[in-house]
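Chain by chain, the residues run as shown.
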Amino acid sequence: MILTGPEITAAAQDGRLRITPFAPDQVNPNSYNVRLGPTVLTYTADVLDAHQPNPTREFTIGPDGYVLQPGELYLGHTIEEVGSDTFVPLLFGRSSVGRLGLFVEITAPIGDIGFHGQWTLMLTPIRPLRVYAGMRIGQIMFFASVGTIALYRGKYQAAGGPQPSRYWRDVTKLRAVAS
Amino acid sequence: MILTGPGIAAARASGEITIEPYDPARLSPNAYDWCLGDTLRICDTDLDAATPTPYSETTIPTSGLVLQPGVLYLGVTHERTGSETYAQFLNGNRTIGALGIWVHVSAPLGHQGHAIHWTLEIRAARPVRVHPRMTFGKLVFLHCLGTPASYQLHGLKYTATAGIDISRLYEELAGGTT
């Protein structure tokens, strides 16, 4: 079951989910609108390697916005810290943003119960697109779960700002186990 | 929880779900298989979230129309769908995905109270010919938890969309055109 807007508001008040900061005018009938933070990362290597840390360049979106280019991958973040120890969060774009040809996530909309932090956005535009810090870029919805809850203890816990892929940390562990 | 096909049929019969036009043959095990409408808007310029998007509009001829990579297309569902009771997720189907067509660009949610022809955001991985009224995707209906707050009462932007809507995000941005 997906939470209604009034239920999201009630759950934010009684602690079943946390959205910080919380603004009532960002509540939709079945989701909460999240805003684009000012910090963006791009990878600097021509070829990414899933088994290695990939160097990144960080920049800040200025008051005139920033033009995202097709063919580039930008890692942005939500201003809001969002999470729940009760519900499963799903992050998607907003239709207003999709209609501008901007993907805000890549193949991974489903969050984990127990993750709390700023969500990394994986921004890839179809056309060159000027975006602005603070714009309402995505929406997070919450689903009721069935079964015993085991909280998230993963590598992106308490994320602040955009997070590059840390798959390499899992590989390092696998190698340690294998050796 | 997701409604089954028979569940969708029953909810439509009882008035909880709108699907018009409706064809029972388009019910699948847990979705309604919707069709691509006749019209496309083509967006092939540089875009700005604070400015209305320039576009040209075309009717898809019966012989079809070739989508090109690198272009943003805004299409529309042939059906008008909605529900005050259920939330909706709209997606493409496997056939469309296997042709390299993205439908919806990361925004699949239809809020409770939506009653619209859906604007579709379409992108092609490689040149591909599409045809009017072809089966294009799946629409699923989700049970909701909590007191409903209908989209119709929210003063939101796209409450009564009859055709294709460009993004109206510019209305929200300071300095944007209103």
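Residues numbered from 1 in each chain as written. Chains lettered and ligands numbered in written order. Predicted model: local features only at pLDDT ≥ 70, side-chain atom pairs only at ≥ 80, totals over all residues.

Right, let's get into the sheet that holds strand β11 (residues 129-131) of chain A. Judged by pairing direction, the sheet is mixed, and its 3 strands sit side by side in the order β6(A)-β11(A)-β5(B) without closing on themselves. Every interior strand has two partners, whereas the edge strands, β6 (66-68) of chain A together with β5 (47-48) of chain B, have only one. Inspection of the sheet shows β6 of chain A paired to β11 of chain A by 3 bridges, in the antiparallel sense. Counted as the bridge partner of Tyr-66 of chain A is Val-131 of chain A from β11 of chain A. (Pairing = 2+ DSSP bridges. Helix = DSSP H or I, 4+ residues; strand = E, 2+ residues; numbered from the N terminus.)

A separate point is the interface of chain B and chain A. With 44 residues of chain B at the contact, the number on the chain A side is 38 residues. Elements represented by at least two residues in the side of chain B that touches chain A include exactly β5, β8 (72-83), β12 (115-124) and β15 (144-145) of chain B. Residue contributions to the side of chain B that touches chain A peak at 3 residues, all from β12 of chain B. In terms of residue class, the side of chain B that touches chain A is made up of 22 nonpolar, 15 polar and 7 charged. Two strands pair when backbone bridges link them, and strand β1 (residues 2-3) of chain A and β15 of chain B are joined in this way by 2 bridges, in the parallel orientation. Paired with Leu-3 of chain A across the two strands is Leu-145 of chain B, which belongs to β15 of chain B. (Contact = placed C-beta atoms within 7 Å. Nonpolar A, V, L, I, M, F, W, Y, C, P; charged D, E, K, R; others polar.)

Here we come to the confidence of the model for chain B. Note: predicted coordinates in regions of low pLDDT should not be interpreted at a detailed level. The predicted model of chain B has a mean per-residue pLDDT of 91, with 92% of residues at 70 or higher. Across the predicted assembly, pTM comes out at 0.90 and ipTM at 0.85. (pLDDT = per-residue confidence, 0-100.)

Our focus in this paragraph is the sheet that holds strand β3 (residues 31-35) of chain B. Within a sheet, adjacent strands bond to each other through the backbone by hydrogen bonds, running parallel or antiparallel. Residues and elements named next belong to chain B. Strand order in this open sheet of 5 strands is β2-β3-β14-β9-β11, and the pairing throughout is antiparallel. Across the chains shown, the open sheet's two edge strands, defined by having one partner strand only, are β2 (27-28) and β11 (109-110). Summarising the sheet, strand β9 (residues 87-92) and strand β14 (residues 135-142) pair through 6 bridges and their orientation is antiparallel. In the sheet register, Gln-88 faces β14, and the bridge partner there is Phe-141.

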